Amino acid sequence: MRKAINLIGAVAAAVMAFSCTGSDKAASLTSYVDPRIGCGEHGHVFVGANVPFGMVNVGPTSIPQTWDWCSGYHASDSTVIGFSHTHLSGTGIGDLFDITLMPVVGDVTYARGTEEDPQSGLWSYADRTREVVRPGYYSVPLMRYGITAEMTATKRVGLHRYTFPQSDEAANVVDLMNGGCWDAATETGLEQVSETAVKGYRFSEGWAKNQKVFFYAEFSKPFDALEQKDENGRFFRLCFKTAGDEQILAKVALSSVSEDGAKANMEKELQGWDFEATANAADDLWNKELSIVKAESSDPEVMTLFYTAMYHTMFHPTTMNDCNGDYRGADDVVRNASHDTYTVLSLWDVYRAQMPLFTIIQTERYAAIVNSMINIAKQQGKVPVWHLWGNETDCMVGNPGIPCIADAIVKDIPGVDKEDAFNVIKASSNVDDRGQGDRLKYGYMPCETKQQSLAEDMECAIADGAIANAAKALGKTEDFEEYTRRSHSYRNYYDPEVMFMRGKHADGSWVEPFNPYYSNHTNSVYTEGNAWQYTWLAPQDLDGLVELYGSKEVTIARLDSLFCASTEIQGENKSADMSGLIGQYVHGNEPSHHIIYFYTMLGEPWKAADKVREVLSTLYFTSPEGISGNEDAGQMSAWYILSALGFYQVEPAGARYWFGSPVIDKAEIQVPGGKFTVIANNNSKENKYIQKVTLNGQPYDKSYIEYQDIVKGGELVFEMGTEKCEL
């Protein structure tokens, strides 16, 4: 049976670890981070060691390869098959887990193994009561071998430290066989370079159809022998003799380009063997990024949730290029870029909140992310959909990369060629794949076109709305008019008799039968949802929704009904992604994320405040189950950050952040223009309604803050109270 985490002991160990690093560390922002939030239920977060946006995410990989182990780690399980250097965080599909090291003692079976048979593989139980995890550092004892494993990281190098017992049969096993979940090795190789170094590669097929990872590894002690343990070159044993409590360190550098590139990355980033200095440097990097927002709250739980959310938003996108700028492109060709190149782009999720957050707190990096997407589009013929280590997975629906690039145009992000960017998104919007040809033919996507037709069309309409906004910003009147028209395609799905969006045939008839509570995961006209959520999936055109309903009053009444409806989801194959329900509002999945802020846009901001506070206080909490649904590469956390600050960008590429209800009392945000300060005076659980707003000391009568007012710096002050006020 699986050995559950002793949370109290684990947290205590983490606190003790912090107290031992000095008072300066105890006062740092990383001390607020709890990396275990979201490692239970369906959060799927990565638990291990990394630095912000690093190529390397080094940490434990467990035996199971099912859905809740997409990150390789889950709160319910303490098995460890080794420590892998690539992991996804918060995704709904598993892949990566490349280049796994496993320290062992004695004879072992060279396989992943099963928990039912302790001798079936290399695996060991980890003593989670003594596990320590904090930003940039991970440690756990391996009970089978009496070995304590520690690790830290730079951007492209994982640094391991293993404390062995006395043994003539100690070893480090390099496992090139086992990846994550849907991943399978197709070609591997390992070559001894010296008495302390090896190099090699792992090619694999899975969610990413053609993933290539190269590595270079050095050990702090010469190994006595290098033994290949299987015919296919998947397992290699590096043999050592160890004294009691002897520590052997290993450095493993990665590259998407070559073994030489991996070696050069190691020489650039980590020449020595100072483990503590490397871990402290990782902590410093995390503190630097976390301190972009210096938040204050009298509630310790809010501080933990806020900075853990900040932490989780910075795992992905992932750096793809070597130190010299070389990277493997979407067409499998090695290129060089003058900027960092990024992959692991979960765009259907992150275009909604994470990317709009980055335009504020990661402006320079956002330019590099957008330029990476533009380069990918030129290499593969369209804007990325869900890009994974140089591979287009085409996962999820619509054209979700377009709003990210359009946002950079509308917000005039420095370093992005706006004309080039516009040409790329316009061309991509007309590529005849994923049902787009039929959509342009019929004016909407008929259900005969493909599964999830309504969701596909509505997401494409959002992308078209973003292109329209970009065209307007560039003075392209004809494009603005054309893409505004295209962004209204979703209106074809509205049935006034039932007052829901529903699937439609090519002949114009409705898909039958119809049940707004019915979900069939991805095997219906909806994606991971039902009619209740998708009726509101038009953040680019709230005025159009009001027109469909006939009046603002009716629209608000229908919106009220969403939150008052039964939480029942019907259907034999209902989507597990539909979690965190308030009525039929589903916070655990992205199509709902903008809906609460429609209340502010419709003139009833107190209702938005009620729902924002309910979500922040009941659907995020400080435990392994503290994220409702998959973390989704940072999207769930980004929603928390923006909402905790008091605003949220509803309209993709709209450059307006609509007010909700801040739970942070004060935040100083580093922005391109200097410092943007957000203050919530008289803030409390009871005083959750905004009474009045000032911007730079002057009365402010808008119910949103514009992007340019944020990034030029200034002071936004909310006066909070109990009265339900219009803004």
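Keep in mind the model is a prediction, meaning the values are calculated, not measured.

Engineer: How would you explain the packing of aromatic side chains if you had to name every residue and give the values?
Structural biologist: Taken as a whole and assessed by the stated rule, the structure comprises 38 aromatic pairs. Taking the centre distance of 5.9 Å and the plane angle of 85° together, the rings of Y444 and Y493 count as edge-to-face. Remark: Y493 occurs in the loop between α13 (477–486) and β25 (494–495) and Y444 occurs in the loop between α11 (436–442) and α12 (453–473); sequence separation between them is 49 residues. Residue Y444 is classed as buried on the basis of its relative accessible area of 6%. A residue is classified by how much of its surface remains accessible, and Y493, at 0% relative accessible area, is buried. Each ring, one from F500 and one from F514, has its centre 5.9 Å from the other, and the planes form 50°; the classification is tilted. You can see F500 sitting in strand β26 (residues 500–501) and its partner F514 sitting in the loop between β26 and α14 (531–534), a full 14 residues away along the chain. Three or more aromatic residues link up through ring pairs in this structure, and these residues are Y597, Y620, W639, Y640 and Y648.

Engineer: Describe in detail the confidence of the model for the protein chain, supporting the description with residues and values.
Structural biologist: This prediction gives the protein chain a mean pLDDT of 95; 96% of its residues lie at or above 70. For the stretch residues 1–26, pLDDT sits under 50, and the model shows 41 contacts to residues farther than four places along the chain or on other chains.

Engineer: Go over the pattern of salt bridges, please, and point to the residues and values.
Structural biologist: In this structure the tally under the stated criterion is 45 salt bridges. Linking D127 and R130 is a salt bridge whose minimum nitrogen-to-oxygen distance equals 2.9 Å. Of the residues examined, D127 reaches a relative accessible area of 15% and is grouped as buried. Note that D479 is salt-bridged to K426, the shortest N-O span being 2.9 Å. Pair noted here: D479 is in helix α13 and K426 is in helix α10 (residues 418–429), with a separation of 53 residues, a long-range link. The class of D479 is buried, set by a relative accessible area of 15%. Given a relative accessible area of 31%, K426 falls into the partly exposed group. The structure contains a network of salt bridges with shared partners spanning K382, D394, D433, R434, K450 and E456.

Engineer: Describe the sheet that holds strand β31 (residues 666–671), naming the residues involved and giving the relevant values.
Structural biologist: Read across the open sheet, the six strands follow the order β17-β31-β32-β36-β33-β34; overall the sheet is mixed. The strands lining the two open edges of the sheet, one partner per strand, are β17 (293–296) and β34 (698–700). Taken over all neighbouring pairs, the strand axes of this sheet differ in orientation by 20° on average, direction set aside. Where β17 meets β31, four bridges bridge the pair, whose relative direction is antiparallel. Each bridged residue has a counterpart across the sheet, and for E296 the counterpart in β31 is K666.

Engineer: Outline the environment of E459, listing residues and values.
Structural biologist: By the element assignment, E459 lies in helix α12. Considered as a pair, E459 and P400 are 59 residues apart in the sequence and their alpha carbons are 7.3 Å apart.

Engineer: Which residues make up the nonpolar core, and what values do they have?
Structural biologist: Looking at soluble globular proteins, one finds that nonpolar side chains tend to be buried together. Ranked by internal contacts, the top residues of the largest apolar core, which has 206 residues, are F215, F306, I425, Y640, F647 and I705. Here the element with the most residues in this core is α12; it accounts for 10 residues. Setting aside chain neighbours within four positions, we find F306 in contact with V293, A295, Y640, I641, A644, L645 and I664. Core analysis: the next-biggest nonpolar cluster, separate from the first, contains 13 residues, Y216, L249, M266 and F275 among them.

Engineer: For the packing of helix α18 (residues 605–618) against helix α19 (residues 635–645), give the residues involved together with the corresponding values.
Structural biologist: With their axes 11 Å apart at the nearest point, α18 and α19 run at an angle of 130° to one another. One finds that α18 runs oblique with respect to α19. Where α18 crosses over α19, the two elements pack in a sense that is left-handed. Mapping the contact onto sequence places V612, V615 and L616 in α18 and W639, Y640, S643 and A644 in α19. Looking at side-chain class alone, the contact of α18 with α19 contains six nonpolar, one polar and no charged residues.

Engineer: Describe the layout of surface pockets, and please don't skip the residues or the numbers.
Structural biologist: Here the largest pocket defines a volume of roughly 710 Å³. Listing elements by their share of the lining of the largest pocket, those giving two or more residues are α12, α13, α15 (542–549), β30 (656–659) and α20 (707–711). Ranked by residue count, the leading element in the lining of the largest pocket is α12, at five residues. A breakdown of the residues in the lining of the largest pocket according to their chemical character gives 13 nonpolar, eight polar and eight charged.

Engineer: Describe in detail the environment of S575, supporting the description with residues and values.
Structural biologist: As for its position among the elements, S575 is in the loop between α16 (552–564) and β27 (581–582). By relative accessible area, S575 is classed as buried at 5%. Along the sequence, S575 and V615 sit 40 residues apart, while their C-alpha atoms lie 21 Å from each other. Residues in contact with S575, not counting those within four places in the same chain, are S519, H521 and E528.

Engineer: Mind laying out the environment of D464, listing which residues take part and the relevant values?
Structural biologist: Looking at the secondary structure, you find D464 in helix α12. Considered as a pair, D464 and S429 are 35 residues apart in the sequence and their alpha carbons are 7.5 Å apart.

Engineer: Lay out unusual backbone geometry with the relevant residues and their values.
Structural biologist: That bond from H316 to P317 is cis: its omega, 0°, falls within 30 degrees of zero. Take P317: it is sitting in the loop between α5 (300–312) and β18 (318–319). A cis amide bond links E512 with the next residue in sequence, P513, at an omega value of -10°. Its location among the elements puts P513 in the loop between β26 and α14. Its identity is not glycine, yet A653 carries a phi of approximately 60°, on the positive side. Locating A653 in the fold gives a position in the loop between β29 (647–649) and β30. Even without glycine at this site, A655 takes up a positive phi of about 65°. Along the chain, the position of A655 falls in the loop between β29 and β30.

Basis of the calculations
Residues numbered from 1 in each chain as written. Predicted model: local features only at pLDDT ≥ 70, side-chain atom pairs only at ≥ 80, totals over all residues. Heavy atoms only, no water. Phe/Tyr/Trp six-rings, centres within 6.5 Å; stacked < 30°, edge-to-face > 60°. Helix = DSSP H or I, 4+ residues; strand = E, 2+ residues; numbered from the N terminus. Buried < 20%, exposed > 50% of the residue type's maximum accessible area, 1.4 Å probe, protein only. pLDDT = per-residue confidence, 0-100. Contact = heavy atoms within 4.5 Å. Salt bridge = Lys/Arg side-chain N within 4 Å of Asp/Glu carboxyl O. Pairing = 2+ DSSP bridges. Axes fitted to C-alpha atoms, helices over the stretch in contact; angles between N-to-C directions. Core = buried A, V, L, I, M, F, W, Y, C linked by side-chain atoms within 4.5 Å. Parallel < 35°, antiparallel > 145°, perpendicular 65-115°, else oblique. Left-handed = near helix turned anticlockwise from the far one by under 90°. Nonpolar A, V, L, I, M, F, W, Y, C, P; charged D, E, K, R; others polar. 1 Å grid on protein atoms, 1.4 Å probe; cavity = no way out; pocket = protein on both sides within 12 Å on 5 of 7 lines; lining within 4 Å. Points joined across faces, edges and corners; volume = space filled by probe spheres on them.

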